[in-house]
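# A look at the structure
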Amino acid sequence: MNNYRRILLCGLAAFAIGVMAWVYQGMVGLNVTNLSNSFPWGNYVASFEFFIGVAAGGLLVFSLAYVLKGNELRPLAPIAAATALAGGVAAVLAILSDMGMASRLYRVLITPNLMSPMLWEMMMVAIFLVVAVLAVFFQLTKKENSEALHKKVAYVALPVSLTMPLIAALLFATQPSHDWWSSVMFVVDSMVATFALGGSVVFLFSLLYFGKKNMQENEKAYTRIGRIVIICLVAHLFVTLLELLPFIGSQVPANQQLISLLFGKYGGLFVLEFIVSIGAIAIYGTKKYAGQFWFSFGAGIAVVLGGFVHRLLVLAPAFNTYGLTLDVGGNLWPYPIATGTFTEGSSSFETFWSYVPSFTEWVLMLLPVGAALVLIGILFNKIHEKGNKVL
Amino acid sequence: MRYGMVIDLDRCIGCQTCMVSCHMHNSQPPGTWWNRVFTQGAPTHQTAVDRKGELRMDYLPVSCQMCDNPSCQKVCPTGATYTNSHGVVLVDYDRCIGCRYCIVACPYNVRQFNWKDPKKLKSILGDGYEYGYPDDVVEGRRLIYTRHRPTGVVEKCTFCVQYTQEGEDPACVQSCTGRARFFGDFDNPDSKVSKLIQEKPMYRLLEAQNTQPKVYYVSVKKTAV
Amino acid sequence: MKSDEKSLSRRTFLKACGAAGVAAAVGGVSLSAPADKAVAASGPMKSVRTVCAPNCTGCCGMKAQVRDNAIQTILPAADYPETEHNPRGCAKGASMTNLIYGPDRLKNPMLRVAGSKMGQFKFEEVSWKDALDHAAGELRRIMDTYGPDSVGYFVQVAGTGYVHKGALVRLANLNGWSVQGGYDMNGDLPMHAPMTFGVQSEELESYQWLDSKYIMIFGSNVYSTRTPDAPMLKLAQEKGTKVIYFDPNFCATSAEADEWYPIKLSSDAAVALGMVKVLLDEKRYNEDYIKTFTDLPILVRKDTQTRLKASDVDGLKIPFDVPEYREAYVVYSPSQGFIAVNPESLHLPDDILLEGSCSVRLTDGSWIDAKPAFQLLKESVEKYNPDKVEELSGMPANDLTRLARELSAPENQPFHLIYGASNYQWYHGDLKGRALALLPVLTGNLGYQGGGFSTLAGQYKVRLPLASWWVPQEMDGFKPPGQKSCPFAYIANGPTETMTAPYPKKGIKAWIMLCGNPFDQHNLNNKLREKVEKNEIELVINLDFQKTTSSNYSHVLLPGVSWYEKTELTATPLHPYLQLMQPAIDPIGECKPELWIFRELAKRLDRRQEKYFYPEYAEEPEKAVAEIIKLILKNGGAITEGITLEQLREGPVKMKNTSKNSVDGKKIPFYEQIHERKPFPPQSFPEPIARTAQFLKSGRIQFYRDERPFIQLNEQLPIHKEPFEDTEYKIKPAARREFPYAYITTNSIHRIHSTHSNNLVFRELQDDRAKVKMNPQDAKEKRIKDGDYVKVFNDRGEVYGDVVLDPGIQAGSIIFEQGWWSRYTGGSSYNSLIYPFINPTHEVYHVPQMWSPNTSWNECLCDVRKVARK
């Protein structure tokens, strides 16, 4: 049994556990999470955004492999396509876990509200999946001389991969209820963060697929992808700073609260994200380290970690600064929210919600993760079987 | 027709009768409150708030603002949230998929989600005890009121659609001992609500967000937000 | 209230869908064939009007929507003909079904499991027959062993239920039991009222607040304690009435007043007397009024400090009869000389002296000096100049003078003064009340629409003559012994040497509790718990519709009904309506209306007593209730003239009053006295006039009291006395150091006393935590932060709660909201700290619930310490 079979079996096991958790959640209700009316989106949505990032980044790398002059990224094309598809499927499963009434999802087809950014997102993901499936399909089945076909797919994939994180960002950016999101900077930041993440995942998978021994062989590809990730990470850091500027010194109560949150309660996570970004930039940017398997691998893991934290940090500061915050004689007073849960000895009304994903939420993440692993297992096996013969 | 509400903050005595009445009439489970009344600036209701040396107690009731430009309605992917012909923003409990995007979108944080089976939650209040208006309200095939909402859907104030359909006022208005709440049609210039917002200084919450709420606050003595 | 336009009705369609929906929800309820299931499950909805009356004085008409014998929703009835009252109601009334159907509802008669420990809920459900047989058997045993007066009982409170609660009074009269009057047991008897006005208490109905131009409120947090009436204050302000509020703390009422003065704890007498001095110095008082209606012109002997009796004056004729409960005193008129004052008449010459001094020759030949009480008052208030008052109370001198001038200014008449319960529930609450009473009386406001003196506490008031039901007469050779009275203060405290109330020879050995929770709610309740644990009280019968902390200390639980399950007659001091509670649903479980329970007890105690309870309606208590109401209406005299049961079934009916000068038919307290010159006091039901008239032997408002304890304590006239000096510091001087905080227990908007403490809705609204409110500076010194869990304690007891820092709380005080059941406060009641100091002036007479030792809840000191959460 080769490694890919093992991955496939692990993925199946994880998927099964995830399904059980999902059924359990379906029976009890979303109360199994640590969410509340004051913090309505958490791990599931963060992981959805995470997988969107993986998917979009993967598809971008795939398309760049054909679109960019010079074919440095070619060797990574099938990996990237597989990543895109796995990420896309995982994203769908992740968001399904979040639905209060997943069984009614078909309603979106019957009575869609075309004004809804969530509907755009669903349509976008549908389109994405079609393109990703095509890309993977052609990568796996077409002969070596189908360059033109791959290129056609790549040219379609490019705008799709760029648009998907844009739409995903619009989910948040269109909401004036949360100042943390409603800016152009947020959209730009989301996109570059997406590609940083997706690119790193492709890099990681490539390292795993080709192995330590092929570091030299794929140096050009790795360097190119490393550059892409660096550019995106630098842009991410730069844009984040730009985003923060209007908040610092703002007179709007909600904004003052947000700053105190970011540098207060969430300061640790914020700093963590910052550090991993810098670390990854340093590693990818240094030829000495970039060329070393474990450093590159470590950098990739760091970006993945930072990417997940980033997506949580999209949510937490936004939810814990209430738009309805009153300035009462110079003191900021958020109007308490009815949380939707009552526990003996504590309040049903909160002005702050400490969200830490519950055990069930983590277990339920095995649903998308397991599915992704299953796909990776199958697809990488096929790629392996096809041999390294790629264009 | 545009139903709306005017709350006279000079008359509000912070008794929370409207809060509890809403909770009971609409059969809300523990933890779910469509209508909230708190003291501005106070960590605990009805404690003194020091505003730059002056002690005050100003109450602010908040429930769905029934916006003319509702953020929640725009984002609902299935159109479960909609505005009816009376200007009332409602949720179709049969169509909601529980994505909670509307909760994220609402800047007033008035929407509530059924994280658990509300019927089970309410059972701790007594064996076989059910409270609240008992009958369903259906409007053009949309289920806009039912006593036990299904797990996993969003809910919020409906201006007591079960009562307004009969020409009665919402429960909060009927039970407000301070006589601080007024309900009526803003499209009618002679209605009490239309007149009140001309007679007294008025304001709305989060005006800058352009949600165009149909819940107005009037006050001379109590400070504006 | 209707909205402007009717919405489109989709009635038929909705009903069908509704029926289907309810059928789906209700599931198994089906009374007919499956095809009809949907329709049967959603029967017709009916609306029943009743009255919510848990001793809050609201007495609010409520409409219950009922289907299939279950209450679905509750709304204010809002059908009072005088529309200023609409709507009445509050959050507690709105969620009453949580108590009716909740997990603490008592549904079956229960007997304590033999041998189980007191303090635990160890009961077994029994049949009514077994419970009643046991209860009656035990009562009979105790009555035979210790005497009938060793069976004590209390009712919380009879004013809320004239028929069913009154049935226990009737039973007690039949058996010669000892009543622990609820009014003084609850600390609500404002002793300054009988001392000054000779009445149990008196107040304006709230819609008359609209007729005042100037309202001063001393320590009544109306906005938190009188939800349905508080809006009248705002409506008055909208009309231009000025509201001045005095309270050490910034509470909800402080926030709404035009001016708020944070005076020092219990310093209201100083403030009042300071204002009196201004009125007297600047001659801003109504001389004719004072001469006619008060005792201030009556001469007081310098030697004995008692009033000069006409019978002691040499050569003075007394040309009238003097009832034995009155006395003829003396005034001096320059034109007519000494005049004997007829206590039954309010007519005296215009020129009688208020000031100055007289020499009087007594019948024994000696000469004594005497001064009118007004002169003594003038001398007494001399020291309360604005600066001194500021020193005593913190009231700014300039404001004191200004307010005294404002309250007496012609453009601000009528002037109304409200005195609050939490304020007079101090050891010297009477002195404060007597001092405050001077303000509306000196300015001539008592007896005029919108003016006067109101004490706000409790739904105590028996507004009709009820003797026809409460006091059984001899029947077929059975002579009811009549009940005795043994105030609760003596049960908690033990008898005192100076008591005038009777005390059962063998003490109280059995206790019947009706609708009360004393094992949480009454002071020294840890001692009370001990008495039961040690079997000093051998039998506790608890008649209630909920299982409370007191159930844990009972032997027999008898399940009664709420006001949605019976017909009952009720009224309140705060509005003019007689109303019926009416059954919206059948009694829950095995619960029975109280009338039925008392009849069953009666017939077991003594077969001859059964006929006092309409045995012909044995299993139809509602019919008996109807008869009793008719009886009461028939015997209500002028107050119920023309009022029928049928009218009451339709809605609220305004009681008749004889205030002919009233512009809009409002009842003006002391109307007959001021406008028809009838002597003080008016009757306080259910006592006959002689019993309370003895408080005012002069037949007039009395600011001067010459009974021995008053003279001994130098309290003949109201003066300011510091809190704690005569109580806590007296029994333990070290308390000054050890217990530096005043322990103040206030009412919460989330309860009515302890009713609704267990209502989940209010637990949520209070974050499910009992709160201890502290001044931020005090907390800082103790290194206590907001949200800390603390123990509040003194030598006598302790309570636990979460700290809330409140900048409105005066330093040196700790506020705990009364009413929490012990289960929410670490097992111990907040009342375990409070000692029932008995004021000897309260023992001068004993008329149950009218002159009786009151409970001064706030005369208590404590300390606070952070502890680990229980």
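Right above here is the structure, for reference.
Because the structure is predicted, anything quoted here is derived from the model rather than measured.

## Considering the overall build of chain A
Secondary structure summary: chain A contains 14 helices and four strands in total. Relative to the globule expectation of 21 Å for 391 residues, the C-alpha radius of gyration of chain A, 21 Å, shows essentially globular dimensions. Along the three orthogonal principal directions, the C-alpha set of chain A runs to about 70 × 45 × 40 Å. Of all 391 residues assigned to chain A, the portion counted as buried reaches 60%. Counting only carbon and sulfur atoms, one obtains 71% of the accessible surface of chain A, whose full area is about 15600 Å². Charge separation in chain A, taken as the distance between the mean sites of 22 positive and 17 negative side-chain charges, equals 17 Å.

## Focus on the environment of V328 of chain A
For V328 of chain A, the location among the structural elements is in strand β1 (residues 325-328). Taking the relative accessible area as the measure of exposure, V328 of chain A reaches 2% and is therefore buried. In contact with V328 of chain A, other than residues within four places in its own chain, are W333 of chain A together with Q40, G41, V49 and R51 of chain B.

## Overview of the sheet that holds strand β8 (residues 214-218) of chain C
All names here are of chain C. The parallel open sheet is built from five strands, whose spatial order is β10-β9-β8-β16-β17. Looking at which strands have only one partner, the edges of the open sheet turn out to be β10 (259-261) and β17 (452-456). Here the strands of the sheet are splayed against their neighbours by 15 degrees on average, with no regard to which way each runs. Summarising the sheet, β8 and strand β16 (residues 415-420) pair through five bridges and their orientation is parallel. Each bridged residue has a counterpart across the sheet, and for F218 the counterpart in β16 is Y419.

## Comments concerning helix α15 (residues 386-393) of chain C
All names here are of chain C. For α15, the set of buried residues is V389, L392 and S393. Down the axis of α15, the smallest arc covering the buried residues is 75 degrees, so these residues share one side. The outward face of α15, more than 90 degrees from its buried face, is lined by the exposed residues D387 and E391. Buried residues belonging to α15 abut α12 (268-281) and α16 (397-407).

## Some points on the nonpolar core
Membership of the largest hydrophobic core comes to 263 residues, with the highest contact counts inside it found for W41, F62 and W181 of chain A together with I71 and Y564 of chain C. Among the elements that make up this core, the one with the highest residue count is helix α2 (residues 43-67) of chain A (17 residues). In this view, W181 of chain A contacts F172, A173, Q175, F186, V314, L315, A318 and F319 of chain A together with V104 of chain B; residues no more than four positions away in its chain are not counted. In terms of nonpolar packing, the next biggest core, distinct from the first, is built from 66 residues, W177, V462, A510 and I541 of chain C among them.

Conventions we followed
Residues numbered from 1 in each chain as written. Chains lettered and ligands numbered in written order. Predicted model: local features only at pLDDT ≥ 70, side-chain atom pairs only at ≥ 80, totals over all residues. Heavy atoms only, no water. Helix = DSSP H or I, 4+ residues; strand = E, 2+ residues; numbered from the N terminus. Rg over C-alpha atoms; globule rule 2.2 N^0.38 Å. Buried < 20%, exposed > 50% of the residue type's maximum accessible area, 1.4 Å probe, protein only. Areas by Shrake-Rupley, 256 points an atom, 1.4 Å probe, with all protein chains shown as cover. Lys, Arg positive; Asp, Glu negative; His and termini not counted. Charge placed at Lys NZ, Arg CZ, Asp CG, Glu CD. Contact = heavy atoms within 4.5 Å. Pairing = 2+ DSSP bridges. Axes fitted to C-alpha atoms, helices over the stretch in contact; angles between N-to-C directions. Arc of directions from axis to C-beta. Core = buried A, V, L, I, M, F, W, Y, C linked by side-chain atoms within 4.5 Å.

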